[in-house]
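Residue strings, one per chain:
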Amino acid sequence: MTERTIELPEDVSADLDHLDLTIEGPNGSVTRRLWYPDVSVSAEDDAVVIAYPDDADRQTNATVGTFASHVDNMVHGVTEGWEYEMEVFYAHFPMDVDVEGDEVVITNFLGETAPRRAEIRGDTDVQIDGEELVLTGPSKEDVGQTAASIEQLTRVTDKDTRVFQDGVYITRTPTGDV
């Protein structure tokens, strides 16, 4: 068996419950199911070890790399966190964006009377400051999906998008500008 080891920082711990790997750190915890045939994941004191056969095929090697990236992203999330920035843009009808419980509510989008709602996934925190939204959280998938859901919520259909540019747009992702 070949092993790939991902070292954990001092303030981060890992726990494996059957197939679910949980990484805990100062910013919270992230759990993810890691399963693939002939690939085993184990949590040791200061590392996560991914073991796979010596004669693994291309797909298995690719999956091991994916698992290692997932673990790296989980460690980054519980130590530094993930952050998306979004901006509210409107030309005529002033949109109002609020957080109500575990939902983002957008009212008066293009003059509509019914509010539009998007779910806030996982431990994602949404801060609204005027026309700016900042989404932060330990899980890259949850923060990214929440940002994408908000952006898609204000997608303009059956109108000329060169004229109707109203919406809430992602302006900065964790990897850089959009």
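Check the entry above for the structure.
In this report, we go over the structure that sits alongside the text. Starting from 1, residues in each chain are numbered consecutively following that chain's sequence as written. Reporting of local features is limited, given that this is a predicted model, to residues whose pLDDT is at least 70; pairs of side-chain atoms are given and counted only at 80 or more, and all residues count toward the totals for whole chains, interfaces and linings. Only hydrogens and water are removed before side-chain values are computed, so all heavy atoms of the structure are retained for them.

Notes on the sheet that holds strand E6 (residues 47-52)
We count it as follows: Between any two strands, at least two bridges found by DSSP are needed for them to pair. Going along the chain from the N terminus, every DSSP run of H or I of four or more residues is numbered as a helix, and every run of E of two or more is numbered as a strand. In this description, a line fitted to the C-alpha atoms serves as the axis of each element, helices being fitted only across the stretch in contact, and the angle between N-to-C directions of two axes falls anywhere from 0 to 180 degrees. The criterion used for residue contact is that any of the two residues' heavy atoms lie within 4.5 Å.
Overall, antiparallel pairing links the 3 strands, which are arranged E1-E6-E5 in an open sheet. Across the chains shown, the open sheet's two edge strands, defined by having one partner strand only, are strand E1 (2-7) and strand E5 (40-43). Shown here is a sheet whose adjacent strand axes are inclined to one another by a mean of 20 degrees, direction ignored. By the bridge criterion, 6 bridges tie E1 to E6 in an arrangement that is antiparallel. Along E6, the bridge assignment pairs Thr-2 with Tyr-52. Helix-sheet contacts for helix H1 (residues 58-79) involve E1, E5 and E6, and the interaxial angle to E6 is about 170 degrees.

A word on the nonpolar core
The nonpolar side chains of soluble globular proteins are, as a tendency, buried together. As a reminder, the rule being used: What is meant by a nonpolar core is a set of buried Ala, Val, Leu, Ile, Met, Phe, Trp, Tyr and Cys residues, joined one to another through side-chain atoms within 4.5 Å. Here the term buried applies to any residue with accessible area under 20% of the maximum for its type, exposed to any over 50%, and partly exposed to those in between, with areas from a 1.4 Å probe on protein chains only.
Leu-8, Leu-21, Ile-23, Val-48, Ile-50 and Val-71 are the most contacted members of the largest nonpolar core, which has 21 residues in total. The next biggest cluster of nonpolar side chains, apart from the first, holds 20 residues, and it includes Val-88, Met-95, Val-126 and Val-168.

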